[in-house]
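# Coordinates in review
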Amino acid sequence: MNDLTSLTIHEAHDLLKQKKVSSLELTKAHLERIAAVEPKVKAYVSVTEEIALAQAHEADARISRGEIGPLTGIPMQLKDNLAVNGTRTTCSSKMLENFVSPYDSTVAKRLKTAGAVLLGKGNMDEFAMGSSTENSAFFPTKNPWALDRVPGGSSGGPAAAVAAGECLFSLGSDTGGSIRQPASFCSITGLKPTYGLVSRFGLVAFASSLDQIGPMTKDVRDSATVLQAIAGYDSMDSTSANRPVPDYSASLKDNITGMKIGVPKEYFDGVDADVGEVLKRAMGQLAQLGAIIDYNVSLPSTPYALAVYYILAPSEASANLARYDGVKYGFSANAPTMWHSMEQTRQQGFGPEVKRRIMLGTYALSSGYYDAYYLKAQKVRTLIRREFDEAFKKYDALVTPTSPTPPFKFGDKVADPVKMYLSDVDTIPVNIAGIAGISVPAGFIEGLPVGMQLIGPSFSEETLFRIAHAYQQATGWHKLRAPVQ
Ligand code: GLN
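Bear in mind that the values here come from a model prediction, so they are computed numbers and not experimental data.

Another aspect to go through is the nonpolar core. Core analysis: the biggest nonpolar cluster contains 63 residues, and Leu286 and Met452 have the highest contact counts within it. In this view, methionine 452 contacts Leu279, Ala282, Leu286, Val399, Thr400, Thr402, Ile438, Ser439, Val440, Ala442 and Tyr471; residues no more than four positions away in its chain are not counted.

The following block contains the structure:
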């Protein structure tokens, strides 16, 4: 990795501001890095070189006029389920392989306005369903720390791209863990913001009551910078929260003395012993920094969260994915009649995991089963949310592993969907409750990254940043760069 591609956003910004480097140099360095490592890592579905060079020129012109914001001239990637006007948005699915978006998602528009430079779009599990990118219809992404291992998913492309120095940051989406789990697997910082904080307009819908877009960055400071640019009310998303956005960077105070952090014991059941050890050390470090750790917290409904998720998420997905019928969007199969064409479009256009989810969802919603599955799951969702509410009366945040295991090998879990689903057992409750969670690098097991998750109540991003930043200042795990060359 050369010097420019190992920088953080704030380091690159300082160089841009002092005119020690131009956005064009920064952008070209990243395009070269992409050319060098992509054959191994495969984090990009498409590279938008022309757009990148044009935007870099524009950014340099702005900077020379003295107009520089924290993201001006900063090269980035976006997950390929985020719409960018005039570019392909594939969701790593055959269904949308050649779909060119006719409009910008709100996050893409805001980042454009902020002067960020688009390098391309990140690979993912098809329609964001998966935990390893093995469900991408195009190719799996490799983990830059160990190329025989998965980068996590569904935002595996974004996580690998950031870890391999193929962009300064990326955006992912998180429905059940898709930002935090790959962040953990690739040793980067991934934030799942509170539901409603970041507009979902232009994010291809998976499960609308759970989906959130968030920053995937090299450290917490960068996460705060990116969140600042994308957060805030948007009339194009009916679930967007209409409340003022705080100054996130101001919350990065080093001192966490007296902050109360709970350790919910259910999150450690079934966790690899090595991962448990890494977390123990991380919690010890938080205590040394002055936090008050309570190791005896219980959230008894936690074990039901995974089951609730696999009723609700597929139910919502089955409705959201009904639009892919070959008439309005993307792929359309040739067949003698319209009916046959719709049938063939869905049969050929969707991969096996997406079909499994659609079948699970339509089953859970079918008459006679609705009360037993969907309605019941909604009730348990309320219980899970209430338990968090109660816990946050006592604690500023909760600390857990991000994932029960370090990154696993390709093929290890594809044959058994439930094994794969268990990869998100520690992240899913956060989406169920609509609250905020962040994963930060916490160490390694035989060279494989392990993440620590901090969970906070709704709109507690400042608190999470503050704790996570203090932890990073004291430990430095986030400064290590992946060995891929
Ligand atoms: N891995 C989970 C799933 O397959 C979560 C995915 C996500 O957050 N998009 O549904």
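It is at 7 Å that the axes of helix H9 (residues 305–320) and helix H11 (residues 352–365) come closest, and there the two elements cross at 100°. On the basis of their axis angle, the class for H9 and H11 is roughly perpendicular. Contacts from Tyr310, Ile311, Pro314, Ser315 and Ser318 of H9 reach H11 at Arg357, Ile358, Leu360, Gly361, Thr362, Ala364 and Leu365. By residue class, the composition of the contact of H9 with H11 is seven nonpolar, four polar and one charged.

Let's shift gears to the packing of aromatic side chains. As enumerated under the stated definition, the model contains 17 aromatic pairs in all. Seen from their ring centres, tyrosine 324 and phenylalanine 350 are 6.3 Å apart, and the 90° between their planes marks the pair as edge-to-face. A residue pair is termed long-range when its members are at least 10 positions apart, and tyrosine 324 in the loop between H9 and helix H10 (338–349) and phenylalanine 350 in the loop between H10 and H11 qualify at 26 residues. Of the two residues, tyrosine 324 and phenylalanine 350, both sit in the buried class. One residue, lysine 42, lies across the ring of phenylalanine 139, its end atom 4.6 Å from the ring centre. Over the face of the ring belonging to phenylalanine 408 we find lysine 413, whose NZ or CZ atom lies 4.5 Å from the ring centre.

To continue, consider the site of the ligand. With respect to spatial proximity, 15 residues lie near the ligand, and among them Gly176, Ser178, Tyr309, Arg357 and Asp424 are the closest. Separating an oxygen atom of the ligand from a side-chain N or O atom of tyrosine 309 is a distance of 2.6 Å. Separating a nitrogen atom of the ligand from a side-chain N or O atom of aspartate 424 is a distance of 2.6 Å. Out of a free accessible area of 290 Å², the ligand has 100% covered by protein chains.

Mapped onto the secondary structure, lysine 19 falls in the loop between helix H1 (9–17) and helix H2 (23–41). Sequence separation between lysine 19 and alanine 36 is 17 residues; the distance between their C-alpha atoms is 27 Å. When residues no more than four places from it in sequence are discounted, the contact partners of lysine 19 are Ile63 and Ser64.

Moving on to helix H8 (residues 273–288). For an α-helix the count is 3.6 residues per turn, leaving residues at separations of three or four pointing the same way. Here H8 is 16 residues long and its end C-alpha atoms lie 23 Å apart, about the 22 Å a rise of 1.5 Å per residue gives. At the exit of H8 stands glycine 290, carrying a positive phi of roughly 110°.

Attention now goes to the packing of H2 against helix H3 (residues 49–64). Where H2 meets H3, the closest approach of the two axes is 8 Å, and the angle between their N-to-C directions is 160°. In this view, H2 runs roughly antiparallel relative to H3, as classed from their interaxial angle. Note on packing geometry: the crossing formed by H2 with H3 is right-handed. Touching Ser23, Leu24, Thr27, Lys28 and Leu31 of H2 are Glu49, Ala52, Leu53, Ala56, His57, Ala59 and Asp60, all from H3. Of the residues belonging to the contact of H2 with H3, the class tally is six nonpolar, three polar and three charged.

Before going further, it helps to examine the side chain of serine 240. Relative to the elements of secondary structure, serine 240 occurs in the loop between helix H7 (220–230) and strand S7 (260–264). For serine 240, the side chain forms a polar contact with the main-chain nitrogen of aspartate 234, separated by 2.9 Å.

Of all five residues making up strand S2 (residues 75–79), five are buried, and the element is well covered by its neighbours. Pairing analysis gives five bridges linking S2 to strand S3 (residues 117–122), with the strands arranged parallel. Across the sheet, the residue bridging to proline 75 is valine 117, located in S3. In this region the chain leaves S2, passes through helix H4 (residues 106–113) and returns to the parallel neighbour S3; the handedness of that crossover is right-handed. By the bridge criterion, three bridges tie S2 to strand S4 (residues 169–174) in an arrangement that is parallel. Residue pairing in the sheet places leucine 78 in a bridge with leucine 171 of S4.

What counts and how
Throughout this document, residue positions are counted from 1 along each chain, in the order its sequence is written. Reporting in this predicted model follows two pLDDT cut-offs: at least 70 for local features of residues, and 80 or more for side-chain atom pairs to be given and counted; totals over whole chains, interfaces and linings ignore these cut-offs and use all residues. The side-chain figures draw on all heavy atoms in the structure; neither hydrogens nor water molecules are used. Nonpolar cores are built from buried Ala, Val, Leu, Ile, Met, Phe, Trp, Tyr and Cys residues. Side-chain atoms within 4.5 Å join them into one set. Burial status follows relative accessibility: with a 1.4 Å probe on protein chains alone, a residue under 20% of its type maximum counts as buried, one over 50% as exposed, and anything between as partly exposed. Contacts are assigned to residue pairs that have any heavy atoms within 4.5 Å of one another. Axes here mean lines fitted to C-alpha atoms, for a helix over just the part in contact, with angles spanning 0 to 180 degrees between N-to-C directions. Helix and strand labels come from DSSP, where a helix needs a run of H or I of at least four residues and a strand needs a run of E of at least two; each type is numbered from the N terminus. Roughly parallel refers to an angle under 35 degrees, roughly antiparallel to one over 145, roughly perpendicular to one between 65 and 115, and oblique to any angle outside these ranges. Three residue categories are used. Nonpolar comprises Ala, Val, Leu, Ile, Met, Phe, Trp, Tyr, Cys and Pro, charged comprises Asp, Glu, Lys and Arg, and polar comprises the others, including Gly. Pairing of aromatic rings covers Phe, Tyr and Trp, the last through its six-membered ring, and needs centres within 6.5 Å; plane angles under 30 degrees mean stacked, over 60 mean edge-to-face, and all others mean tilted. Counting as a charge over the ring demands two things of the Lys NZ or Arg CZ atom: a distance within 6 Å of the ring centre and an angle within 35 degrees of the ring normal. Nearness here has a simple test: a residue counts as near a molecule or strand if at least one of its heavy atoms is within 4 Å of that partner. Polar contact criterion, stated in full: a pair of N or O atoms within 3.5 Å, where within protein one must be able to donate a hydrogen and the other to accept it, and residues adjacent in sequence count only if both atoms are side-chain atoms. All accessible areas in this document rest on Shrake-Rupley with a 1.4 Å probe, and a residue is counted as covered only by the protein chains that are shown. A helix is expected to span 1.5 Å multiplied by its residue count minus one. Here a crossing is taken to be left-handed if its near helix is turned anticlockwise relative to the far helix by less than a right angle, and right-handed if that turn runs clockwise. The pairing criterion is simple: DSSP has to find at least two bridges between the two strands. Orienting the strands away from the viewer, one traces the path from the first strand over the helix to the second; a clockwise path indicates a right-handed crossover.

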